[in-house]
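# What the coordinates show
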Amino acid sequence: MPAYKRILLKLSGEALMGDDAYGINRATIVRMVQEVREVTQMGVEVAVVIGGGNIFRGVAGGSVGMDRATADYMGMLATVMNSLALADTMRQEGMVARVMSAIGIEQVVEPYVRPKALQYLEEGKVVVFAAGTGNPFFTTDTAAALRGAEIGAEIVLKATKVDGVYTADPKKDPEAKRYSAITFDEAISRNLQVMDGAAFALCRDQKLPIKVFSIFKPGALKRVVQGEDEGTLVHV
Ligand SMILES: Nc1ncnc2c1ncn2[C@@H]1O[C@H](COP(=O)(O)OP(=O)(O)OP(=O)(O)O)[C@@H](O)[C@H]1O
Ligand SMILES: O=c1ccn([C@@H]2O[C@H](COP(=O)(O)O)[C@@H](O)[C@H]2O)c(=O)[nH]1
């Protein structure tokens, strides 16, 4: 029995590359999609935001010295590529998905129109929100918070490379301890970098909880959706 009717799932872009140096690893994207399919089969309405780190960090060297806003638009376009790959893999796995972009690119994907997104979700289609917020100086974490609030999701699920929120970055500090739950105020005041401050602040103000969990742990998404103890809950 799912604990939520509608979720906003933020998928790590960087995790998409699997063991490759950059890009999209086929086995990894298929496995991610199959996990999403499991929760849609439980009757949960799923909207997805995917990051762009697997592509954008690969070309970031070329963006050195570039105008920041231009580099950020490149990053947003990377998320469009990931969104297209994700939706197409969903199609191959027997799901129905629609990509909606925050920046105008109509020949490729339809634009983000909130009522249309709500309609797709009610029809049981997966909606993939591409191009982040459509604005430079933001991240896809903020896009996940924004779209999550707009569509009335009950929770934002951040599926990432670590299995929760730690006292410090666990990739840099082996002594870091994982929280099972933490308030938004504490996460912001401790400047915990697992998600950016703008995303935390938006979710706090909208009373939209976030669950951070590992994208690599098989079955973790399903357990989170069933309300089981998995990852870290960030709450008001
Ligand atoms: N206090 C912390 N607790 C947990 N992870 C942290 C913390 N501080 C920093 N991190 C780092 O944050 C990373 C997750 O955020 P990041 O935005 O880099 O990834 P992502 O959102 O999964 O990727 P992408 O931007 O490609 O979508 C983790 O891999 C971890 O190394
Ligand atoms: O609203 C947004 C979202 C993203 N960007 C740019 O894209 C890259 C990739 O997104 P990640 O969240 O880091 O995966 C990001 O670094 C920004 O450069 C953006 O400008 N606005």
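If you're wondering where the values come from, they're calculated on a predicted model, not measured in any experiment. Numbers given for residues are sequential positions, taken from 1 along each chain in its written order. By the order in which they are written, chains take letters starting at A while ligands take numbers starting at 1. Per-residue local features of the predicted model are confined to residues with pLDDT of at least 70, and side-chain atom pairs are confined, for both listing and counting, to 80 or more; whole-chain, interface and lining totals are unaffected and use all residues. Side-chain calculation: all heavy atoms of the structure are included, whereas hydrogens and water are not.

### Re the UniProt feature "binding site: UMP" (unreviewed entry) in the chain
- UniProt positions are given in the numbering used here, feature names are shortened, and annotations may be inferred rather than shown by experiment. Following the UniProt record, the feature "binding site: UMP" (unreviewed entry) maps to Gly 52, Asp 72, Thr 133, Gly 134, Asn 135, Pro 136, Phe 137, Phe 138, Thr 139 and Thr 140 here. A maximum C-alpha distance of 14.4 Å is found for the annotated residues, which run over 89 residues; spatially they form one tight group.
- Helical segments are the DSSP runs of H or I of at least four residues, strand segments are the runs of E of at least two, and each set is numbered from the N terminus. If you trace the backbone, Phe 138 turns up in the loop between strand 5 (126–130) and helix 5 (140–150).
- Per-residue accessibility, obtained with a 1.4 Å probe over protein chains only, is compared with the maximum for each type, and a residue is labelled buried under 20%, exposed over 50%, and partly exposed between these values. For Phe 138, a relative accessible area of 42% corresponds to the partly exposed category.
- Residue placement: Thr 140 occurs in helix 5.
- Filtering out sequence-adjacent residues up to four positions away, Thr 140 remains in contact with Lys 10, Val 49, Ile 50, Gly 51, Thr 79 and Gly 132. Two residues form a contact once any of their heavy atoms are found within 4.5 Å.

### Side note on helix 3 (residues 68–92)
- With 25 residues, helix 3 should cover 36 Å at 1.5 Å per step; its first-to-last C-alpha distance of 37 Å lies within 8% of that length.
- Once helix 3 ends, the next one or two residues include Gly 94, with phi positive near 85 degrees. Working rule for helices: expected span equals 1.5 Å times residues minus one.

### Notes on the site of ligand 2
- Taken together, 16 residues form the shell around ligand 2, and within it Gly 52, Asp 72, Thr 133, Asn 135 and Thr 140 come nearest.
- Between Asp 72 and ligand 2, the recorded distance is 2.6 Å, taken from a side-chain N or O atom to an oxygen atom.
- Distance and chemistry together define a polar contact, namely a pair of N or O atoms within 3.5 Å, with one atom able to donate a hydrogen and the other to accept it when in protein, and with adjacent residues in sequence counting only for side-chain atoms on both sides. Within the backbone of Asn 135, an N or O atom sits 2.7 Å from a nitrogen atom of ligand 2.
- All accessible areas in this document rest on Shrake-Rupley with a 1.4 Å probe, and a residue is counted as covered only by the protein chains that are shown. Against a free-state accessible area of 450 Å², the protein chains account for coverage of 90% of ligand 2.
- When residue character is reported, Ala, Val, Leu, Ile, Met, Phe, Trp, Tyr, Cys and Pro are called nonpolar, Asp, Glu, Lys and Arg charged, and the others, Gly included, polar. Looking at side-chain class alone, the shell around ligand 2 contains five nonpolar, nine polar and two charged residues. Nearness is defined per residue: one heavy atom within 4 Å of the molecule or strand is enough.

### Structural notes on the site of ligand 1
- Near ligand 1 there are 21 residues, and of these Lys 10, Lys 158, Thr 160, Tyr 166 and Asp 169 occur at the shortest range.
- One nitrogen or oxygen atom from the main chain of Glu 14 is found 2.9 Å from an oxygen atom belonging to ligand 1.
- Burial of ligand 1 by the protein amounts to 88% of the accessible area it has alone, namely 640 Å².
- Those elements that provide at least two residues to the shell around ligand 1 are helix 2 (53–59) and strand 6 (155–160).
- Taken together, the residues of the shell around ligand 1 break down into seven nonpolar, seven polar and seven charged.

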